[in-house]
Amino acid sequence: MLSISVKEILFWKKTQLFKGGDHESLALLLDSVGGISTSDLNSLSINPEGNLYLKKNLEFLENIWNEHLLNSSPIQYLCGITFWRDLKLKVTEKVLIPRSETELIIDIVSKIFGNSVQKLLFAELGTGSGAISISLALANPLWYGIATDIDQDALEIARENFINSSQQSNLKFYCGNWWSPLESFKGKLDLAISNPPYIPKDTYEKLPKEVKNFEPKVALFGGEDGLKHIREIIQKAPLFLKEKGWLILENHFDQGEKVKQLLIENKFTSIEIVKDLSGIGRFTIGRYK
Ligand code: GLN
């Protein structure tokens, strides 16, 4: 641990931001690698002569910041950490960095089930870092969840994130493509959730380089029209959901109506397009019959 004055840190921050980047990314670096949270810094900034403890020296942090600016590498991958809702999650280039707009999925689920359900079986298809499943399992200790992913390395990260965030054992991790690892849960799920890859081909080609060059294509690319995986998930969902079981999907900003049509064609009811905090129809939900 290195002792450093608040004044010195504030000056260092200003110098880094002058080179480029945003406050949020710098705060993540200082917190996850330096061990200084924004709230520590804010509460101490009234006394600039006061001292803080840094886990790594400023040159070390600056090298990471420079790499972030130079190569457009996401700061979350460089730090190996991201924050999502109240979770601190490990992330590597094997998993998508969970987005803040996706956080709303947890609120949609609590709005549907409230406190009325004691026990429930849910599955998340394509868990990546595990963010959604871990949040649900922690918030609802009586629920039992299965998180799947096609990539074994991603699944290991999700498992590690679950172990690091709790002592609970109500979440299991299965490797495989969409519904295939869930054969033994046919007709048993109360809830299935997925934030599948949904970026259409043309859009994928034009993604900013911090996304396209670093985040896993398998977690983003949804085929020609972006709906390849969403279609497969919806078509097979009736085999796995209980009667009146819910399906909750995240989709691209303009796919809500198309996803709704797919749900109608597959005999779903109570269909709704739910807006994210920017007013975009980001989620489409429905229940099987
Ligand atoms: N929301 C992510 C993005 O825009 C895409 C995630 C996904 O395809 N599921 O980068």
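*Asks:* Would you explain the overall build of the chain in this entry?
*Replies:* Tallying secondary structure elements over the chain gives 12 helices and 11 strands in all. A compact globule built from 289 residues should have a C-alpha radius of gyration of about 19 Å, and the chain, at 21 Å, falls within 12% of that. By principal-axis analysis of the C-alpha atoms, the chain measures approximately 65 × 45 × 35 Å. Looking at the chain alone, contacts between residues at least 24 apart form 65% of all its contacts between residues at least 6 apart. Charge-centre separation for the chain: the mean point of 34 positive side chains lies 5 Å from the mean point of 36 negative side chains.

*Asks:* Explain the packing of helix H6 (residues 104–113) against helix H7 (residues 131–139) here, please?
*Replies:* Where H6 meets H7, the closest approach of the two axes is 10 Å, and the angle between their N-to-C directions is 40°. The orientation of H6 with respect to H7, classified from their angle, is oblique. Classified by chirality, the crossing of H7 by H6 is right-handed. Along its contact with H6, which presents Ile 105, Ile 106 and Val 109, the element H7 presents Ile 132, Ser 135 and Leu 136. Grouping the amino acids of the contact of H6 with H7 by side-chain chemistry returns 5 nonpolar, 1 polar and no charged.

*Asks:* How should I be thinking about unusual backbone geometry in this particular structure?
*Replies:* Its identity is not glycine, yet Ser 72 carries a phi of approximately 60°, on the positive side. Along the polypeptide, Ser 72 turns up in the loop between helix H4 (58–71) and helix H5 (75–79). Overall, the relative accessible area of 18% leaves Ser 72 in the buried class. Of note in the backbone geometry, Ser 270 takes a positive phi value of approximately 50° without being a glycine.

*Asks:* What is the right way to read the site of the ligand from this model?
*Replies:* The ligand sits among Leu 96, Arg 99, Glu 101, Asn 195, Pro 196, Pro 197, Tyr 198, Ile 199, Ala 219, Leu 220 and Glu 250. Interatomic distance of 2.8 Å between a side-chain N/O atom of Asn 195 and a nitrogen atom of the ligand. Tyr 198 is positioned such that a nitrogen or oxygen atom in its side chain is 3.0 Å from a nitrogen atom of the ligand. Contact with the protein chains removes 89% of the 300 Å² of surface that the ligand exposes when unbound. Looking at side-chain class alone, the shell around the ligand contains 7 nonpolar, 1 polar and 3 charged residues.

*Asks:* Hey, could you run me through H4 in this one?
*Replies:* Since the α-helix advances by 3.6 residues per turn, residues separated by three or four positions end up pointing in the same direction. For H4, with 14 residues, the first-to-last C-alpha span of 20 Å sits near the 20 Å given by 1.5 Å per residue. For H4, the set of buried residues is Leu 58, Leu 61, Ile 64, Trp 65 and His 68. All buried residues of H4 fall inside an arc of 130° around its axis, so they share one side. Every exposed residue of H4 that faces more than 90 degrees away from the buried side is listed here: Glu 59, Asn 63 and Leu 70. In this fold, the buried residues of H4 make contact with strand E1 (2–5), helix H1 (6–19), helix H2 (23–32), strand E2 (51–54) and H5. Structurally, the start of H4 carries an N-cap: the backbone nitrogen of Glu 59 is 3.2 Å from a side-chain oxygen of Asn 57. Note on H4: the residue one or two positions beyond its end, Ser 72, has a positive phi of about 60°.

*Asks:* Quick question: what am I supposed to make of the pairing of E2 here?
*Replies:* Burial along E2 is one-sided: Leu 52 and Leu 54 are buried, and none of Asn 51 and Tyr 53, which face the opposite way, are. Both E1 and E2 contribute to a ladder of 4 bridges, which runs antiparallel. Residue pairing for E2: Ser 3 is matched across the bridge by Tyr 53.

About the cut-offs
- Residues numbered from 1 in each chain as written.
- Predicted model: local features only at pLDDT ≥ 70, side-chain atom pairs only at ≥ 80, totals over all residues.
- Heavy atoms only, no water.
- Helix = DSSP H or I, 4+ residues; strand = E, 2+ residues; numbered from the N terminus.
- Rg over C-alpha atoms; globule rule 2.2 N^0.38 Å.
- Contact = heavy atoms within 4.5 Å.
- Lys, Arg positive; Asp, Glu negative; His and termini not counted.
- Charge placed at Lys NZ, Arg CZ, Asp CG, Glu CD.
- Axes fitted to C-alpha atoms, helices over the stretch in contact; angles between N-to-C directions.
- Parallel < 35°, antiparallel > 145°, perpendicular 65-115°, else oblique.
- Left-handed = near helix turned anticlockwise from the far one by under 90°.
- Nonpolar A, V, L, I, M, F, W, Y, C, P; charged D, E, K, R; others polar.
- Buried < 20%, exposed > 50% of the residue type's maximum accessible area, 1.4 Å probe, protein only.
- Near = heavy atom within 4 Å.
- Polar contact = N/O pair within 3.5 Å; in protein donor to acceptor, adjacent residues only side chain to side chain.
- Areas by Shrake-Rupley, 256 points an atom, 1.4 Å probe, with all protein chains shown as cover.
- Expected span 1.5 Å × (residues − 1).
- Arc of directions from axis to C-beta.
- Pairing = 2+ DSSP bridges.

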